[in-house]
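One-letter residues, chain by chain:
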Amino acid sequence: MTDFIDAFRTALGLIVTLDPDLFEILILSIKVSLTAVVVASLLGFAIGGALAVYRFPGRTAISAVLSALMGLPPVVAGLIVYLLLSNVGPLGVLQLLYTPTAMIIAQVVLVTPIIGALTRQACQDLLEEYDEQLRSLGASSSAIVVTLLWDGRYRLITAVLAGFGRAIAEVGAVMIVGGNIDHVTRTMTTAIALETSKGNIALALALGIVLLTIALAVNASLIWVQRLANRLAYA
Amino acid sequence: MLDPTSPLEGAGDRLASPPLPVELKGLGYETGGKRVINALDATIETRRITAIMGPNGAGKSILLRLMHGLIAPTKGEILWAGRQLDRPMAHRQAMVFQRPVLLRRSVAANVSHALGVRGVERDKRAICVGEALRLAGLEGHASTPARVLSGGEQQRLCLARALSLEPDVLFLDEPTSSLDPASTLAIERLLLDAQRRGIKVILVTHDVGQARRLADDVMFLHHGRVIEHQEAESFFGDTQSEGARAFLSGGLVL
């Protein structure tokens, strides 16, 4: 028990003294996940908006697959990207395996279905309400997509936050394609896994505390965005 | 804020030129194996307000949507001054629905969006928005989120948005069915004003008093057919059909 308290004390020390190792890992994690979420948002908004508005064969099937992929296990996302990027894979020539870019790609694969499926649902709900009005105005399909995305902006923000929460907390995908290389591809989650197995509980705990704080902050913003939307009757 | 006395481009002074007559020829609409509109023939010639009346399920809303091109007839055709409804013609129409459909944006942005969709240039939109809101008495609410407005204000905004498009033809589907008398009066004033500017108003209403106040001619629908269509004065004074007589006397029309 005293060991644990000591570890906890050391962990807090690492955080308040802005320990350079800890912050290097923290910054890399945030950089990777933020970049992945930006890319996944652009893809997810486009895919979700298009699936809600355009009618084409296979639309329902694609929507169903997208929703199912929301629960894609990170290790599987990692495995798929690993196969693509490995030396014998189709994108092997790019030599991206074990780089932060590889981790970004893996997280994009993981997060795009989440943002895409939530965007499609948000747009579909709005379209049910707006359809006749927009067609009465003579809006083109692309204009309808843009209108729905903007009017669903609060729900899209929550989708993005959910995607970020997923990306920053996952370990399987970044572990497989990043390799947890010190100073190169070591993120908070992979570092926690490694340090724990090495018995270096203090650093693991410090990272855990930071990760938990980020998760709480993301959820607090979710609630705040929802409240703001309700207050403006924009929900 | 716009100076209401200043001469404004577009909106206020423009005289609409609706493509009349509207000919409904052997019109039929079937959905789910049910004939909602059945061999309907009618011609609307008056430039003034036409009211479509009838019991629930008579096909009034469907007829309005057919004329506006939101749905396609399964039989027959609709001709506007001899022409089928094509895209340019559809752009000369606007519609106000029974339940106000407003975007999750400010009052001004709702009007601006509609203008944008219809291809009005960005720098011209502001002046049109100002004029539309002034007309509807909503100029003080320009930056209010549209969906926090009262029911009456929301419907006024929908009407203002439709009018900002400078339509030649304006459809309304029971626009005041859930509004209080003051809000209803405000809407009716806007409609009479629209009519004075030459806009052809076609209105579905359940409200006999409203039809009396506004309509120049009344089309009475029953079971998807027009069973009576004549000038309002004679429709209310000398009702011909059994169904319409029962409807007007408050009886149950089955």
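Above this text you will find the structure in question.
Residues numbered from 1 in each chain as written. Chains lettered and ligands numbered in written order. Predicted model: local features only at pLDDT ≥ 70, side-chain atom pairs only at ≥ 80, totals over all residues. Heavy atoms only, no water.

Things to note about the overall build of chain B
Piece 1. When helices and strands are counted, chain B shows nine helices and nine strands.
Piece 2. Whereas a compact globule of 254 residues would reach a radius of gyration of roughly 18 Å, chain B reaches 18 Å, a difference of no more than 12%.
Piece 3. With respect to the three principal axes, the spread of C-alpha positions in chain B is 55 × 35 × 35 Å.
Piece 4. Within chain B, residue pairs in contact and separated by at least 24 positions form 71% of the contacts whose partners lie at least 6 positions apart.
Piece 5. Roughly 11100 Å² of accessible area belongs to chain B as shown, and the carbon and sulfur atoms make up 49% of that amount.
Piece 6. Measuring between centres, the 31 positive side-chain charges of chain B sit 6 Å from its 29 negative side-chain charges. (Helix = DSSP H or I, 4+ residues; strand = E, 2+ residues; numbered from the N terminus. Rg over C-alpha atoms; globule rule 2.2 N^0.38 Å. Contact = heavy atoms within 4.5 Å. Areas by Shrake-Rupley, 256 points an atom, 1.4 Å probe, with all protein chains shown as cover. Lys, Arg positive; Asp, Glu negative; His and termini not counted. Charge placed at Lys NZ, Arg CZ, Asp CG, Glu CD.)

Some thoughts on the sheet that holds strand β3 (residues 50-53) of chain B
Residues and elements named next belong to chain B.
Piece 1. Read across the sheet, six strands follow the order β5-β6-β7-β3-β8-β9 without closing on themselves; strand pairing throughout is mixed. Each of the sheet's edge strands pairs with one partner strand only, and the pair in question is β5 (93-96) and β9 (225-231). Looking at each pair of strands side by side, their axes are set apart by 15° on average, direction ignored.
Piece 2. Of the pairings in the sheet, the one linking β3 to strand β7 (residues 200-204) comprises three bridges and is parallel in character. Among the inter-strand pairings, I52 is bridged to a residue of β7, identified as V204. (Pairing = 2+ DSSP bridges. Axes fitted to C-alpha atoms, helices over the stretch in contact; angles between N-to-C directions.)

A few points about the layout of surface pockets
Piece 1. For the second largest pocket, the calculated volume is near 150 Å³.
Piece 2. Lining of the second largest pocket is provided by R135, S136 and G138 of chain A together with H68, G69, L70, L85, R87, A90, H91 and R118 of chain B.
Piece 3. Residues belonging to the lining of the second largest pocket are distributed by class as follows: three nonpolar, five polar and three charged. (1 Å grid on protein atoms, 1.4 Å probe; cavity = no way out; pocket = protein on both sides within 12 Å on 5 of 7 lines; lining within 4 Å. Points joined across faces, edges and corners; volume = space filled by probe spheres on them. Nonpolar A, V, L, I, M, F, W, Y, C, P; charged D, E, K, R; others polar.)

Notes on empty space enclosed by the protein
All names here are of chain A.
Piece 1. Considering all chains together, one arrives at two cavities of 30 Å³ or more under this definition.
Piece 2. The volume enclosed by the largest cavity comes to roughly 40 Å³.
Piece 3. Lining the largest cavity, in full, are S29, V32, S33, Q107, A167, I168, E170, V174, T187 and T189.
Piece 4. When residues of the lining of the largest cavity are traced back to their parent elements, those giving at least two are α2 (20-53) and α7 (153-169).
Piece 5. Examining the composition of the lining of the largest cavity, we find that three residues originate from one element, α2, more than from any other.
Piece 6. Its residues assigned to classes, the lining of the largest cavity comprises four nonpolar, five polar and one charged.

Considering the interface of chain B and chain A
Piece 1. Counting from both sides, the interface comprises 24 residues of chain B and, opposite them, 20 residues of chain A.
Piece 2. Both faces combined, the contact of chain B with chain A buries some 2000 Å², and carbon together with sulfur accounts for 49% of it.
Piece 3. If you sort the residues of chain B by the area they bury against chain A, L70, R104 and R105 of chain B come out on top, with a joint share of 33%.
Piece 4. Linking chain B to chain A there are four salt bridges.
Piece 5. Residues R104 of chain B and E129 of chain A are paired through a salt bridge, measuring 3.1 Å at the closest nitrogen-oxygen approach.
Piece 6. Seen at the junction of chain B and chain A, the total is 16 residue pairs in polar contact (both at pLDDT 80 or more). (Buried area = accessible area lost by both parts, 1.4 Å probe. Salt bridge = Lys/Arg side-chain N within 4 Å of Asp/Glu carboxyl O. Polar contact = N/O pair within 3.5 Å; in protein donor to acceptor, adjacent residues only side chain to side chain.)

A closer look at the side chain of Q107 of chain A
Residues and elements named next belong to chain A.
Piece 1. With respect to the helices and strands, the residue Q107 is situated in helix α5 (residues 100-137).
Piece 2. Within the structure, the side chain of Q107 is placed 2.9 Å from the backbone oxygen of A167, a separation counted as a polar contact.
Piece 3. When near neighbours in sequence (up to four residues on either side) are disregarded, Q107 contacts V32, S33, A36, A167, E170 and V174.

Here's the deal with the packing of α5 of chain A against α7 of chain A
Residues and elements named next belong to chain A.
Piece 1. Where α5 contacts α7, the two axes come as close as 9 Å, and the packing angle between them is 160°. Here α5 lies roughly antiparallel to α7, going by the angle between them. Both α5 and α7 take part in a crossing whose hand is right-handed. Residue-level inspection shows Q107, L110, V111, I114, I115, L118, T119, Q121, A122 and D125 of α5 in contact with α7, the latter providing R155, L156, A159, V160, A162, G163, R166 and A167.
Piece 2. Here the residues of the contact of α5 with α7 are counted per class, giving eleven nonpolar, four polar and three charged. (Parallel < 35°, antiparallel > 145°, perpendicular 65-115°, else oblique. Left-handed = near helix turned anticlockwise from the far one by under 90°.)

Digging into the state of the cysteines
Residue and element names in this part refer to chain B.
Piece 1. The full count for this structure, using the stated rule, is zero disulfides over all chains.
Piece 2. Not part of a disulfide, C128 finds its nearest cysteine sulfur in C158, a span of 18 Å.
Piece 3. According to the relative accessible area criterion, C128 is buried, its value standing at 15%. (Disulfide = S-S within 2.5 Å. Buried < 20%, exposed > 50% of the residue type's maximum accessible area, 1.4 Å probe, protein only.)

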